[in-house]
Every structure is written in C-alpha cells, then in structure tokens.
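Listed below are the residues making up each chain.
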Amino acid sequence: MDEGVSRIRRRVSVRKRDRPSLGSGFAAPTAAELKPGDEEGEEEMVAGSRRRKTVEVQPVENDSEEDMFGDYDSFAENSFLAQVDDLEQQYMQVPEHRKHASDLSTEDLCSESIKHNKLSITTVGNFTELKTDEHIKNQSRHENVSIEPDILYDVPSSQVLYFENLQNSSDDLGNQSTKERDWNASSHKIVNEELPQNRIEQHQQIDDSSSKVRTSSEENRRKSLKEHLKSAMTGNAKAQTPIFSRTKQLKETLLSEEINVAKKTIESSSDDLGPFYSLPSKVRDLYVQFKGIEKLYEWQHTCLTLNSVQERKNLIYSLPTSGGKTLVAEILMLQELLCRRRDVLMILPYVAIVQEKISGLSSFGIELGFFVEEYAGSKGKFPPIKRREKKSLYIATIEKGHSLVNSLIETGRIGSLGLVVVDELHMIGEGSRGAILEMTLAKILYTSKTTQIIGMSATLNNVEDLQEFLQAEYYTSQFRPVELKEYLKINNAIYEVDCKAENGITFSRLLNCQYSDTLKKMDPDHLVALVTEVIPNYSCLVFCPTKKNCENVAEMICKFLSKEYLKQREKEKHEVIKNLKNISSGNLCPVLKRTIPFGVAYHHSGLTSDERKLLEEAYSTGVLCLFTCTSTLAAGVNLPARRVILRAPYVAKEFLKRNQYKQMIGRAGRAGIDSVGESILILQEKDKQQVLELISRPLENCYSHLVQEFTKGIQTLFLSLIGLKIATNLDDIYHFMCGTFFGVQQKILLKEKSLWEITVESLRYLTEKGLLQKDAINKSEEEIQYSFHITKLGRASFKGAIDLAYCDILYRDLKKGLEGLVLESLLHLIYLTTPYDMASQCVPDWMIYFRQFSQLSPAEQNVAALLGVSENFIGKKASGQAIKKELEEFWVYRALLGELTKKLTYCVKAELIPLMEVTGVLEGRAKQLYNAGYKSLMHLANANPEVLIRTLDHLSRRQAKQIVSSAKMLLHEKAEALQEEVEELLRLPPDFPSIEVSATEKA
C-alpha cells in the first residue's frame, strides 16, 4: 500500500505540473484554528502530525501548492475509522443512500477536498458523512471500462490508482481485505514509531476511550476504510461519464463550499478563504474567463504578499502606466468583500473611468455575491443602503466619494468601510479636486482606525510626505509588461531617448517620406508619415495642445490618407456614424462625419459623455485606429496604442510637465497585443533645451491645495467637521488640521501665517457669513472655551458641495425665484440651478428661445443650444439641489428638481430611461433594445448575451455580457433594497414604548 500511496502522490505531482496556474502565490487555505480542550480538535492535531510525517517520507514535488489529499491524507486513526464503520452499517443497509449522499449539503467541507477528490469525507460534530460523486447513480451500467491514457489527467488521483489496479487479476480484489488488515496494522505501527512519545500517549488515550464505545462494532466490522475507498472508486469507474470533466453544478458547489469555509475562518479570526491569495479558486477562474488573465506578474505577487498588506497596514504603491496596478487593487478589494465581509470604496478621477470599472466588475459581483454601486454624475444614494447580508463595492468620483464618506460618518457607519482604494493618488496635489480628495482621506484617518487605505499612481515623487500623511508603507517597481521606447523628432531626424548618452539622446534614423509641396505646407511636422507607419493595422494616439488643434489635425490627416482606408471595416464605421446621429438627434459634428470613414476621430472634453463612450468603444474594438486627443485622455479611460505622438511639448500655452509627459507616453504599448510601444515627441529647435531637461528631470512634487483653495478647501472642511461633529472646538479642529497633508507640509507651504492663525481666521469668516454659530463654554473660572455648531444654511451648503463664495447669493436667488416661479417649461429651473462659476460660459441664443418658446423641449441639446454651452455643461446643473432639501422653505424645489435631474441626465423619452440606467447603454442602444422587445430592467437582466448578439446590430460579445451583468447587478440591488424595506416595516421599532404590566393584570 505504501507503493500505492507513492504512485498516487507521483501522479498528483504530474497533474500539478500540467495544470495551468496563476503564479506561485496560490497557496492552499489554512485550516481553521482548534479550540483547546476539544476532543475532536485533539484528534485532528494527531492526524495533522501524522500527515506532516507522511509528507517528510514521501518525495512530493511542488509541495508549496495545495495538498491534493485535503485533510484526510492518513488512514490510520482508529477512532476515526470507528465512525466511518458505524456509518457504513447504515450505508450498506440502504442501497439508495449513495444517490442521496451526493446531494447532501456540505457546509463544513474543506475546499481542497472538493476540488481534487470525487470522494470526500466530512466530520461535523460527532457525525461523519461519507459523500460520493453523483455519477455513482449509474454504477450498474458499463461493467467494462476502457481507459485512455489522456483521460487520466482529468480523473482524481484516487481513481487513477483504481484504474491501474483494475487491469490486474480480479483475484486481487477478492484477497484485498486480508491484505488491508495487515497494512492497517503495519502502517499504524510505523506511524506510531515516527511520532513523538507524547503524541503516541495522547493517541493511545483517545483510542482507549473510544474503544470502550466500539467493542461490539469491532466484532461486526467487515471492511476497512480501504475497502470503502475501493467501493467508491468502483462506482466512479462504472459511471456513465466518458469524459471526466467538472460540471457546471460542481463548480457552483465548489464556490458555495469555499464561501461556507470562509464563514468558519472568519469566526476563527482567519482571513484565508481559498487558494488564490486567500480567495476562492472561483476568483482565479473568473479572471481567466472575463479578462483573460492566467498569471500574475512577479511584482504583483510580491506586492500582494508583503507583510504590510497581510497586516492590513496602509499602502502606497507606484509603477509605470500599464504595469498592472489595478489588478492588485481589485484582489485586495475582493479579499475585503469576501473574506472580511466589509464594504469597500474605490475613488477614481473621472466619470468615464468609474463607468468603465463598473462594467468590468459587475460580472464579478454577480458571480461572487456582492453589490457594485456607482457614485458618479447624478448616480448614488446618500447615505448608501445598509445591506442585510451582501457587501457593497462603491465606485466613485472624487467629489461623490467625499459625499459618501460624509454620509457614512453622519450615520455612524464609517466603521463598515473596510478598505478605501485611491487611483491616481498624485491628484491630491491638483487644485480644488486635490483638496477634496485630501479632506476625504483625512476624515477617514481621523474617524475610523480600522479602515485600510491603498493609494496607487504612476507619477509620484515626494512619497515621504504622503507616507507620513497616510501613515502608510511604500512599494515601487519599474516593471512594464511592454517595453517602451521614447523618441524625439527634430525636423527630419528622429532621436532615441538614452539616459546613458551625454545629452540624453542618440540618433536613431532619418524620416523617409515623399512629400509634395502642398503636403509640406499642410503638414510641416510630417504627422501623416508618422501615422501611416502604424495605422490601420495598429492603433495610434496623437496628443494635441488644444481642443481646436485636435479637430484640425484629424481633418488634415484624413485629407491625405489613401482611399484604401475607407474600405477597412466600412459597415462598422457607418454604424458608429449612425449611432452618433441618434444620440444627438441627427446633429453630427461635420468633422467627425468626414474623419470616421477613415477610422480617425478627435477626443476632447467638448464631446458629450455619450459621444465619448461611443468613440472609445469603437477605438477599443479596432473600428477606429487613430485618435487626436488632448492630455485629459492620458488620465482617463484605458485606451492604449502601439504608437503615441505628442504634437508639441505644450498643454494649451503651458510647457509640458514631467508628470503629464509620463502619463501621455505611458499609453504606448498594449499588454498581450504589442511587443513594444513607441512614443514620439515632436519639437522645434527653439524648444530643444527645455525638452532635454524635461526628459531627464525627476517627477514634480505634489503639494496640498487645502488652504490655497480657500472657499472650496479649508473653509468647506471646517464646515463639514463641525456639521458632522467630528471636531467642534478650536483645539480639536487644529489637532485635525495637523494630521492633514497640509499639516505635514505646513513648514514648506506657510511663510507668513501659522496654521493656528489660519484656523482661527477661517472659523471667524464662517461665523460672520452665518454658516456657523459660536457658543461659549466655561472651561475654568479664568479660561473660556468656544465651541461651534452649524446653521441650517451651513449644513445645506456642505451637503450640497456648494462653493462657499456663492452660497449666500444662491440662497437669495432661490428665495426670489419663489416669488414668480415659471413652470411652463424647464428653463426657469435650469436658470436657477446654473452654477455661478460657469455662468460666464453661457451666451444665450434668444432666437432659439423665440422659435421654441411655445414647445420648448426639455431635451439636453435644445437647452444647450439656447444657453450657448456644450451639452456636458448641463449635467452639472442640479448639483445645488441639496440646498433645497435641507431648507424647509424650499420644499417646492425639492419636489421639482428630482424629475429635472433625471430628464437632464438621460435626455430621452420616458420609456427608455430604465434601459439607460444600465451602464454601457446609450440612447442608440436603448432604442435598439426597446424595439427588440427588451423594455425593462427585468428583460435585460434575464437576457441571453448570445441572443442579444444575434438580435442587435454591431453588438460585440463583450458588450452584450457587460450589459446583462450590469442589468443583473441593478436588479439585485433594487430587490435587496425592497427586502430591506419590508424587514424594516415588520421590525419592532427600537424606541417602542415598553409598558410594565402590573401584578394584578398578570393574574
């Protein structure tokens, strides 16, 4: 039998080597901790010691991976055998028991036993179940089984041993019981000799105590555990299963078992839930299925196994663009959601990136049982719904993330937030948005000591300041999956950036192009030549200094492209143009109309969000091969290219910063597609010296803007600190400020005034403005301490994220608007909610108003045309509606603005709004779905992606799956909210009056 065990282990080793893995980090899950004094725990400790000894004796390869035998590697425990034999008596008496056993619930099953064994033995309390595979139902069929060698690799190791023995004489099977008894005796003796003396004594005590109970059953014992295994293997061999592969049902069972194991491990203070970085193996399978990721990079494995990460310390990590930073963050988020059962907040810089991430993670939420909630634009609920069982992943923009944290603090739920992940952490040093991000992180650090913060960026320099602020560890690597080659173009010469060279560059080649005189005048920088070296077979990005320059360059390139470009994916390009017309009511930009047939388009902030989504989708699928874009795309959605060209070393009129340059060129090279990425910076002779400094200098430092952005920064912070009762007196507020990023950098940033003086001045300003009131508290007879409380106007201002410079003006205008509110159209409401700092952009076209007054449409494009602004401007109008919610006198606005917000968000007919709520569904797609019969969220959630592909024109499989997943996620969220509401209605109120019953009434 020792030889048989060796053969099994050798075959297991072979199967381990052949099985694809995601890296060496996929360790097997740790066993749950044993309670002291527990008899079963002692028995398992003995068994564990024996297993360790067995491993030492047998030559096992890849022993760092999970044990294929689970927790039942040794067969020599007498007390355990007794339980198995007792069960066997019932098992032999009821033949149908086998069929029933395969369907039993296996809540305490070790995840590794299910994965690698068709036969699993589970001990629950004093009861032992013997579970066999569902294929045993058919054990009476197929007496003669022929086994192909290739099939054995898909068969559990226990069956492999059986198939080898099956080819031997049938007489061996008849004599097996005698051999088995001998083996039991000898192996028991060997194990005892190897164990320490105290273990042997302990084991003997257990055997003695259990033998008293089992005196009668020993006489009737007819088979050993080996015979049970033989019987099970015989049934497996006779099953009508020509291909031994895992079924969908088994995969679902596996996930549920691993989740059940998680519940136990959480109770025993363990975070280990499975073999994939403490996550179920289902997560690994999902990454292969949804994202095609089969193996992690070495740096990702190193980062995930850092001591600081294991100990849940705050962490900052920095790698070049396209290095795979997001995957590490996603795995850490899944650990928090599934293992520790706490909510997670992910903060991203732009709405487009939030929507991209929502689409990417909704499928994971559906499969693994957590909610993915969007907090961007007009979406998001404050405070968030408190879930009964499932946890939530909040994906938010910087501003919405701040409001979400405020609402959690206000309701006393900030402790439910287990992890906060911040992408593009360097944005903490960028204007008012940086100040808001700093406020968010400072509040989390101050109010919740159990919330972990993870920050990541590709462009960080003064990391020490950020480490001190976040009390974080730091990890960095220069890894990049695709090699990036940087080039400079001066006149016709192209130079490669080389840090070892004397002046930082070395000559590479001369640009060989045949230009006519007309083309030389139109394209002096040889953009057409540089672009046509790459497109249409590969993709290309051309970064331009201004929005207008983007449009001009796109049109210029198309004028000189060959007519052959028109034939590339002609139908798909026509569909893109058609969809663009649909979402803008037939008004398509003439530049896009001319450039899209060539596979070229511009990309800048002048496009509406729907137009950007459509163009980005077309670029990602290869329908478009060239984008002319502004620098905002570099920090936006993930749109990599084979070649990135920088039209000039300027952003608008300002010279390029090192951070901006690194972000732009970081888009070059697509992992898994390109073997190399190229960046070419075009410059004039006059800029050469500055560019040479640019490519060699370190990244710029990031500094706090908390005080610099006065009304949007420190004053808003103080107002929220007092409104949320985080700090209500001068000393506490000053102590809070010392812990901010600004507090860390105060010696650098403050020259004239101290932090204490700035704190006092800001509180005085807020009090004079009527947003705060000061109360005197007698701290002692000689000293008076002042505390502050927030007024109604102050609360409305910080909850509505209103710029404090305009809050009193807004209040007066809304008050005056009530005197003569015009509801004949939505125009008056839009006027009242227009942000003051954007009013200068509005140049009304009164002729449009005159023509359309009688039938003014609430559609976004009509309002935008009337006001003379871009359409995405309208989406910002309703941001001030919170001020109406907090002030009772504005109840009329509260009733009207909810509907206005919805209309301005989607700008479609009412019947399409439910479909537009699904991430990735724009107006054109919503019309297609509605016409095809998918008229509600329920229709979409129950749709088959394959049917959608056949029903709708130009819908890719990836898009179809994302739409269905997003719809399912939304439907589950709504169902959960309704269930919570029902339970809340039926629950006894916590403040229910308790009336004591007198003794007389009781009698």
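Above this text you will find the structure in question.
All figures in this text were calculated on a predicted structure; none of them were measured in a lab. (Residues numbered from 1 in each chain as written. Predicted model: local features only at pLDDT ≥ 70, side-chain atom pairs only at ≥ 80, totals over all residues. Heavy atoms only, no water.)

Colleague: Which residues make up a nonpolar patch on the surface, and what are the values?
Modeller: The grouping of V982, L985 and L986 at the surface amounts to a nonpolar patch, some 360 Å² of accessible area in total. Relative to the elements of secondary structure, L985 occurs in helix 46 (residues 957-986). With a relative accessible area of 67%, L985 lands in the exposed category. (Patch = residues over 30% accessible without salt bridge, like charges linked within 9 Å, V, L, I, M, F, W, Y side chains within 5 Å. Areas by Shrake-Rupley, 256 points an atom, 1.4 Å probe, with all protein chains shown as cover. Salt bridge = Lys/Arg side-chain N within 4 Å of Asp/Glu carboxyl O. Helix = DSSP H or I, 4+ residues; strand = E, 2+ residues; numbered from the N terminus. Buried < 20%, exposed > 50% of the residue type's maximum accessible area, 1.4 Å probe, protein only.)

Colleague: How would you explain the nonpolar core if you had to name every residue and give the values?
Modeller: Core analysis: the biggest nonpolar cluster contains 120 residues, and Y317 and L615 have the highest contact counts within it. Broken down by element, this core gets its largest block of residues, 10 residues, from helix 16 (residues 325-339). Shared between two domains, this core holds at least three residues of each, these being domain 1 (281-476) and domain 2 (483-696). The contacts of Y317, once residues within four sequence positions are left out, are W299, C303, K325, V328, A329, I454, G455, M456, S457 and Y475. Counting residues in each nonpolar core, the second largest holds 76 residues, with L404, L425, F798 and L904 among its members. (Core = buried A, V, L, I, M, F, W, Y, C linked by side-chain atoms within 4.5 Å. Domains from an automatic or database assignment. Contact = heavy atoms within 4.5 Å.)

Colleague: Which residues make up the pattern of salt bridges, and what are the values?
Modeller: Evaluated as defined, the whole model comprises 27 salt bridges. For E336, the salt bridge is made with R340, and the minimal N-O distance between the two is 3.1 Å. When sorted by exposure, E336 lands in the same class as R340, which is buried. In this structure, the salt-bridge partner of E374 is K379, at a minimum N-O distance of 3.6 Å.

Colleague: Would you mind going over the side chain of Q663 in detail, with residue names and values included?
Modeller: Locating Q663 in the fold gives a position in helix 27 (residues 658-665). Since its relative accessible area comes to 13%, Q663 is described here as buried. A polar contact is formed between the side chain of Q663 and the side chain of H426, at a distance of 3.5 Å. Setting aside anything within four residues of it in sequence, one finds Q663 in contact with T321, E424, H426, T459, A634 and A635. (Polar contact = N/O pair within 3.5 Å; in protein donor to acceptor, adjacent residues only side chain to side chain.)

Colleague: So what's going on with the packing of aromatic side chains? Residues and values would help.
Modeller: Applying the stated criterion across every chain yields a total of 17 aromatic pairs. With 5.8 Å between their ring centres and 35° between their planes, F469 and F741 make a pair best called tilted. With F469 in helix 20 (residues 463-470) and F741 in helix 31 (residues 741-744), this residue pair connects regions lying 272 residues apart in the sequence. Its relative accessible area of 1% is what places F469 among the buried residues. Taken together, the ring pairs connect F276, Y277, Y287, F290 and F364 into an aromatic cluster. Sitting over the face of the ring of Y538, R642 holds its NZ or CZ atom 4.3 Å from the ring centroid. Its guanidinium or amino end placed over the ring of Y930, K935 lies 5.2 Å from that ring's centre, counting from NZ or CZ. (Phe/Tyr/Trp six-rings, centres within 6.5 Å; stacked < 30°, edge-to-face > 60°. Lys NZ or Arg CZ within 6 Å of the ring centre and 35° of its normal.)

Colleague: Describe the environment of S378, and please don't skip the residues or the numbers.
Modeller: In this fold, S378 is placed in the loop between strand 5 (371-375) and strand 6 (392-396). You can call S378 partly exposed: its relative accessible area is 39%. Residues S378 and T905 lie 527 residues apart in sequence; the distance between their C-alpha atoms is 6.9 Å. Ignoring anything within four residues of it in the chain, the contact list for S378 reads K400, T901 and T905.

Colleague: Describe the packing of helix 18 (residues 398-410) against helix 19 (residues 431-447), and please don't skip the residues or the numbers.
Modeller: Between helix 18 and helix 19, whose axes approach to 9 Å, the crossing angle comes to 25°. In terms of orientation, helix 18 lies roughly parallel with respect to helix 19. For the pair helix 18 and helix 19, the sense of crossing is left-handed. Where helix 18 approaches helix 19, its residues I398, E399, G401, H402, V405, N406 and I409 are matched on the opposing element by R433, I436, L437, M439, T440, K443, I444 and T447. Classifying every residue of the contact of helix 18 with helix 19 by side-chain character gives 7 nonpolar, 5 polar and 3 charged. (Axes fitted to C-alpha atoms, helices over the stretch in contact; angles between N-to-C directions. Parallel < 35°, antiparallel > 145°, perpendicular 65-115°, else oblique. Left-handed = near helix turned anticlockwise from the far one by under 90°. Nonpolar A, V, L, I, M, F, W, Y, C, P; charged D, E, K, R; others polar.)

Colleague: Describe the side chain of K357, naming the residues involved and giving the relevant values.
Modeller: Topologically, K357 is positioned in helix 17 (residues 351-368). If sequence neighbours within four positions are ignored, K357 has contacts with T326, E330, M346, L348 and I395.

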